[in-house]
Amino acid sequence: ALIFFSIAIGFGITFLLEKIITTLPAKDIKGTLAYEVASFFVNYREFIFPVYALILAGLIYFIAIHASRMPVIKGLFNAITVGQTFKMLALALRSGLSLKDAIDLTATIPKEKKWKKVFEIFSLEVQERNFYDLIDEMSDFMTPPDLLIIKSNIRAGNLAEGFDFVGSRKID
């Protein structure tokens, strides 16, 4: 929104630039580079600013689609996505879904390959193995405090609470 607001301000400034160009004596400014650039922006502003806005919109769309793989923001994006996945898993469990159905539902949320694989494995093995033991396999992907929170909530019978709390921590 800030980017598009600044484009709108730039478009408005071209009207001020037009007034400045027409006010200054033509013999002093015509033929200068500044005059040529200013008159270019004034004459083609109806084309320049919409194209600029479209290019920025395309760039924002590209960044949003590929955020999980961009070096600068992938860590933050993936942490938020995993946090949202954990919160969604907690919501699904609170809603009465079985553990397998809740994991199947939330397995589609993460964009990062390693977390997709973790949820796929959980979905396949949750009916055959103890879930508490499966959580131990998450130790490669989670910090020890997060793992401890989930495991202690499983022992206390609050599986959804553990995932909800860890999801909130990852989002924060």
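Here, every reference points to the structure presented above.
Computed from a predicted structure; not experimentally measured. (Residues numbered from 1 in each chain as written. Predicted model: local features only at pLDDT ≥ 70, side-chain atom pairs only at ≥ 80, totals over all residues. Heavy atoms only, no water.)

Enquirer: Explanation requested: helix α5 (residues 74-94) in the structure shown.
Expert: For the α-helix, the turn length of 3.6 residues means that residues three or four positions removed from each other point alike. Counted at 1.5 Å a residue, the expected span for α5 with its 21 residues is 30 Å, and the 30 Å between its end C-alpha atoms agrees. Among the structural elements, α6 (99-106), α7 (113-125), α9 (144-155) and α10 (159-171) are those in contact with the buried residues of α5. (Helix = DSSP H or I, 4+ residues; strand = E, 2+ residues; numbered from the N terminus. Expected span 1.5 Å × (residues − 1). Contact = heavy atoms within 4.5 Å.)

Enquirer: Quick question: what am I supposed to make of a nonpolar patch on the surface here?
Expert: A grouping of Leu33, Val37, Phe40, Phe41, Tyr44, Phe47, Val51 and Ile55 is seen on the molecular surface, where their side chains present a nonpolar patch of about 810 Å² in accessible area. When residues of the nonpolar patch are traced back to their parent elements, those giving at least two are α3 (33-43) and α4 (45-65). When residues in the nonpolar patch are grouped by element, the largest group, 4 residues, is from α3. Note that Ile55 resides in helix α4. (Patch = residues over 30% accessible without salt bridge, like charges linked within 9 Å, V, L, I, M, F, W, Y side chains within 5 Å. Areas by Shrake-Rupley, 256 points an atom, 1.4 Å probe, with all protein chains shown as cover. Salt bridge = Lys/Arg side-chain N within 4 Å of Asp/Glu carboxyl O.)

Enquirer: How should the packing of aromatic side chains be read in this particular structure?
Expert: For any pair of aromatic rings, geometry is given as the distance between the ring centres together with the angle between the planes. Overall, the coordinates contain 6 aromatic pairs when judged by the stated rule. Arranged with centres 6.3 Å apart and planes meeting at 65°, the rings of Phe86 and Phe119 form a pair that is edge-to-face. Residue Phe86 is located in helix α5, and its partner Phe119 is located in helix α7; the two are separated by 33 residues in the primary sequence. Phe119 carries the same exposure label as Phe86, and that label is buried. Members of the aromatic cluster, connected to one another through ring pairs, are Phe11, Phe15 and Phe49. (Phe/Tyr/Trp six-rings, centres within 6.5 Å; stacked < 30°, edge-to-face > 60°. Buried < 20%, exposed > 50% of the residue type's maximum accessible area, 1.4 Å probe, protein only.)

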